[in-house]
Number of protein chains: 2
Amino acid sequence: MALPPRCNACPVREASLCGSLGEDAAHALSRVMHRMRVPAGRVIYGAAERADTFAILISGVVKLVITKPDGRQQIVGLQFPSDFVGRPFLDGSNLSAEAATTLELCCCSGRAFENVMREHPIIERVLLKRIAADLDSARNWAFLLGRTTAQEKVASLLHLIAERMARSVVRGDRERPCALGLSLPLSRMEMAECLGLRLETVCRQMTQLKSRGVISTMGRRAFDVLDMEKLRNCAANATAMTVEECV
Amino acid sequence: MALPPRCNACPVREASLCGSLGEDAAHALSRVMHRMRVPAGRVIYGAAERADTFAILISGVVKLVITKPDGRQQIVGLQFPSDFVGRPFLDGSNLSAEAATTLELCCCSGRAFENVMREHPIIERVLLKRIAADLDSARNWAFLLGRTTAQEKVASLLHLIAERMARSVVRGDRERPCALGLSLPLSRMEMAECLGLRLETVCRQMTQLKSRGVISTMGRRAFDVLDMEKLRNCAANATAMTVEECV
DNA sequence: CGGGTCGTTGACTCGAATCAATATAGGTGG
DNA sequence: CCACCTATATTGATTCGAGTCAACGACCCG
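Please read all numbers here as calculations on a predicted model, not as lab measurements. (Residues numbered from 1 in each chain as written. Chains lettered and ligands numbered in written order. Predicted model: local features only at pLDDT ≥ 70, side-chain atom pairs only at ≥ 80, totals over all residues. Heavy atoms only, no water.)

## Quick notes on the pairing of strand β7 (residues 95-99) of chain B
Residue and element names in this part refer to chain B.
Step number 1: Here β7 lies mainly inside the structure; five of its five residues are buried.
Step number 2: Going residue by residue along β7, you find Leu 95, Ala 97 and Ala 99 tucked away on one face and Ser 96 and Glu 98 tucked away on the opposite face as well.
Step number 3: Alignment of strand β4 (residues 62-67) against β7, held across five bridges, turns out to be antiparallel. Along β7, the bridge assignment pairs Lys 63 with Glu 98. (Buried < 20%, exposed > 50% of the residue type's maximum accessible area, 1.4 Å probe, protein only. Helix = DSSP H or I, 4+ residues; strand = E, 2+ residues; numbered from the N terminus. Pairing = 2+ DSSP bridges.)

This is the structure:
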């Protein structure tokens, strides 16, 4: 009746939804879920088909995208390791979920998940909290999109990525003063789609942050946070900040 | 064991969360909830205090606002009659809920609600669906903020208000070709705070919509939709639309 | 009827978008 | 392993939509 070895060895067990369940709900879930690798770019669920997947993200990043008929796209959410992906009970909006990087998932069909959930109401309660947290993030994102400068947007995104990627990489470690050697899960284009900007604008802001010694980049898909404090400042209120204060 | 008279006479009973509950869960809820009037401008819950209210909105409009230390504000959600207001189980973000107009609420303490919920898990399931729907709205709002022009933003907001206000006013009526004599629950300033714009920009867009015969206004807090089709077009893709096509 | 808030309009500025060249990374085949 | 090739990223010049600042007008209150 013990959990399978893959659960005991699971790097996100505590941080994920599973970590908040009791022994038997966790066990019941473990019986229907299985590991899976998904290559970057794969669509996990799209606007058309019924979202019939439930998954916990073990590694990699998933982007949630709204696409309109005229081609405009907006990334409205990012899911990191330990987050869940899926839309139990959900209506058909124009939302799709796509692997931004190669993923490791622990997943099952939506139907199987709903069955386990019906037998273990605690899962429902935990899911409710997770969705409420997602709602909070979505609203904070709306603030970012509506009320901040390009500078703040880019800095906030890098800050978010630094926090979430570092947490999933140096687990257990004491908090580091600054995050080094982080992989950047998004292209410039995708960053722009996140932030309601054009990719050229994202580039320019990245260049500025580099020249101010806030970050540095290595290749296209990696960066360092040289000064977390500065980054936080840039994210919070770039407008109230002169170049002197920032450098 | 019947529901109290105020429930049977409740104008939003079917559309609200209560309408999706079984007989006894609805009855249990009705015993802890009570009617309340709240004047416009009152803060229902704020960033500081623990959000300890749960309410179903019977009439009026509630705005959900994020305020940053530097004074920037963004309205990240509107709740209309039949929606719920409150944050069961929720973390402290910088979100506050404020009455945009005079409200009629059916409410109880968050604690009381959680107690009833624990005894009637169906409430949890229904709440989960409502929150998931809110999450969807929040993400669609993020698209609006990130990827649309001022024109589309204003048109979309008016369209949303027309839909939700009409639904709560002419309940039961067949769908009207266009909504007339709608009350506008927000000031220009609040509209701007919704849309990530300045109030002057909102004004200019309103003026344009009027001159194109899409809407008309009567006083500060009322408007008509003269041509719902045009409004929908303006909301969907103002950029792809010349003045000729619109007029 | 007068005062104050809120809304409207106008003139001008500025930040990000757009259009247009490069430059670099990273993969491919020789 | 190197040279090439194509995606992606960067930088520059210019435009344009929304912001800002300022004046005026309309509505709502006592």
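## A short note on the packing of aromatic side chains
Step number 1: The full count for this structure, using the stated rule, is four aromatic pairs over all chains.
Step number 2: Aromatic side chains Phe 54 of chain A and Phe 84 of chain A sit 5.7 Å apart centroid to centroid with 20° between the ring planes, which places their arrangement in the stacked category. Placement of Phe 54 of chain A in strand β3 (residues 53-59) and of Phe 84 of chain A in strand β6 (residues 84-86) is noted, with a sequence separation of 30 residues between them. For the pair Phe 54 of chain A and Phe 84 of chain A, a shared accessibility class is recorded, and that class is buried.
Step number 3: Consider the rings of Phe 54 of chain A and Phe 113 of chain A, whose centres lie 3.7 Å apart with planes at 15°: the pair is stacked. One end of the pair, Phe 54 of chain A, is in strand β3; the other, Phe 113 of chain A, is in helix α3 (residues 110-119), with 59 residues separating them in the sequence.
Step number 4: Overall, Phe 113 of chain A belongs to the buried group, its relative accessible area being 1%.
Step number 5: Taking the ring centre of Phe 143 of chain B as reference, the NZ or CZ of Lys 68 of chain A above it sits at 4.3 Å. (Phe/Tyr/Trp six-rings, centres within 6.5 Å; stacked < 30°, edge-to-face > 60°. Lys NZ or Arg CZ within 6 Å of the ring centre and 35° of its normal.)

## Considerations on the interface of chain A and chain B
Step number 1: Contact residues are listed per partner, giving 44 residues for chain A and 44 residues for chain B.
Step number 2: Carbon and sulfur atoms make up 60% of the surface buried where chain A meets chain B, a total of about 4000 Å² over both sides.
Step number 3: Linking chain A with chain B are six salt bridges, by the criterion used here.
Step number 4: A salt bridge links Glu 152 of chain B to Arg 72 of chain A; the shortest N-O distance between them is 2.7 Å.
Step number 5: At the junction of chain A with chain B, the criterion picks out 18 residue pairs in polar contact (both at pLDDT 80 or more).
Step number 6: For the side of chain A that touches chain B, the element with the highest residue contribution is helix α4 (residues 121-147) of chain A, accounting for 19 residues.
Step number 7: Here the side of chain A that touches chain B is composed, by residue class, of 19 nonpolar, ten polar and 15 charged. (Contact = heavy atoms within 4.5 Å. Buried area = accessible area lost by both parts, 1.4 Å probe. Salt bridge = Lys/Arg side-chain N within 4 Å of Asp/Glu carboxyl O. Polar contact = N/O pair within 3.5 Å; in protein donor to acceptor, adjacent residues only side chain to side chain. Nonpolar A, V, L, I, M, F, W, Y, C, P; charged D, E, K, R; others polar.)

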